[in-house]
Amino acid sequence: DECEGRRTGTTGYQKAADYVAARFKEFGLKPVGDDGSYFQAVPFTRSRVDVKKSRLTAGKLKLVCGKDVMFNPADGTVEGKVVFVSGAADALLKEPKVLLGKVLVVHGETGGWNGGVTRQTRRHRPVAILTVEDEVGEPRWVASRSGGRRRSRRVRQVRGTITLEAAKRLAKACGVSGALVMPE
């Protein structure tokens, strides 16, 4: 608990690294890191979504980032038809190819990454996955390795959350009956 988790770039991460280095020294291990230390510098970048520049639109519907939807950081713009999936954690789609290139809105127990539908997304990649939640929360920092690696020109898959009310509005804007797709 005192390390506050170990996310890259956080105070807790450094506390944990210092602890491990102290144990290495205590055990008499030879330091082989940068400048004769137990550490090796690995460049990383931190990013988070810019709520003022991020949005989700469908026809005339404009959902507000930070209120209706929240995204994890991803560079660029994605477009695709919207697919709604609602159901139990072990649900499987008969035709998972329908997910390819789509914006997937997941409602119900399938939102957990152990669910059948969400496992199917690994192979049949939607351009975005939005999980229905009670609230969208604040933008969070995401750390990723950088330096020396070529960035892909392909836009990463966008992931995020959408409120139930906003998902219903999106379903209506897409011509899908909210009562059939988004049960209360």
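Shown above is the structure to which this text applies.
Residues numbered from 1 in each chain as written. Predicted model: local features only at pLDDT ≥ 70, side-chain atom pairs only at ≥ 80, totals over all residues. Heavy atoms only, no water.

Student: Lay out the overall build of the protein chain with the relevant residues and their values.
Tutor: When helices and strands are tallied, the protein chain shows 4 helices and 9 strands. Helices and strands in the protein chain line up, N terminus first, as α-β-β-β-β-β-β-α-β-β-β-α-α. Per-residue burial over the protein chain gives 29% buried out of 184 residues. Sequence-distant contacts, at least 24 apart, represent 66% of the contacts inside the protein chain between residues at least 6 apart. Split by element, the accessible area of the protein chain, about 12,900 Å² in all, is 50% carbon and sulfur. (Helix = DSSP H or I, 4+ residues; strand = E, 2+ residues; numbered from the N terminus. Buried < 20%, exposed > 50% of the residue type's maximum accessible area, 1.4 Å probe, protein only. Contact = heavy atoms within 4.5 Å. Areas by Shrake-Rupley, 256 points an atom, 1.4 Å probe, with all protein chains shown as cover.)

Student: Give a description of unusual backbone geometry that names residues and reports values.
Tutor: Despite not being glycine, D35 has its phi angle at roughly 55°, a positive value. If you trace the backbone, D35 turns up in the loop between α1 (11-26) and β1 (44-47).

Student: Please provide a residue-by-residue account of the pattern of salt bridges, values included.
Tutor: On inspection of all chains with the given rule, the structure shows 3 salt bridges. The partner of D68 in a salt bridge is R169, and the shortest N-O contact between them spans 3.6 Å. You can see D68 sitting in the loop between β3 (61-64) and β4 (69-71) and its partner R169 sitting in helix α3 (residues 164-173), a full 101 residues away along the chain. Among the salt bridges present, the one from E165 reaches R169, with a minimum N-O distance of 2.9 Å. Highlighted residues: E165 and R169, both in helix α3, separated by 4 residues, approximately one helical turn. Sharing partners across several salt bridges, the network here consists of D68, E165 and R169. (Salt bridge = Lys/Arg side-chain N within 4 Å of Asp/Glu carboxyl O.)

Student: Please provide a residue-by-residue account of the pairing of strand β7 (residues 128-133), values included.
Tutor: Of all 6 residues in β7, 5 are buried, a share of seventy percent or more. The sheet contact formed by β7 and strand β9 (residues 158-163) spans 6 bridges and is parallel. Within β9, the residue paired with V132 across the bridge is I162. (Pairing = 2+ DSSP bridges.)

Student: Describe the packing of aromatic side chains, and please don't skip the residues or the numbers.
Tutor: Two aromatic rings are characterised by how far apart their centres lie and by the angle between their planes. Enumeration according to the criterion identifies 1 aromatic pair in this entry. Against the face of Y19 rests R23, its NZ or CZ located 4.5 Å from the ring centre. (Phe/Tyr/Trp six-rings, centres within 6.5 Å; stacked < 30°, edge-to-face > 60°. Lys NZ or Arg CZ within 6 Å of the ring centre and 35° of its normal.)

Student: Give me the environment of V105: which residues, what numbers.
Tutor: Note on placement: V105 falls in strand β6 (residues 103-108). The spatial distance from the C-alpha of V105 to the C-alpha of T131 is 5.8 Å, given a sequence separation of 26 residues.

Student: An account of the nonpolar core is requested, with residue identities and associated values reported.
Tutor: Counting 22 residues, the largest nonpolar core has L56, L63, V69, F71, V105, I162 and L170 as the members making the most contacts within it. No other element matches the 4 residues that α3 contributes to this core. The contact partners of L63, leaving out residues within four places of it in the chain, are R55, L56, D68, V69, I162, A166, R169 and L170. Formed by 6 residues, the second largest nonpolar core is a distinct cluster that contains V83, V85, L104 and V106. (Core = buried A, V, L, I, M, F, W, Y, C linked by side-chain atoms within 4.5 Å.)

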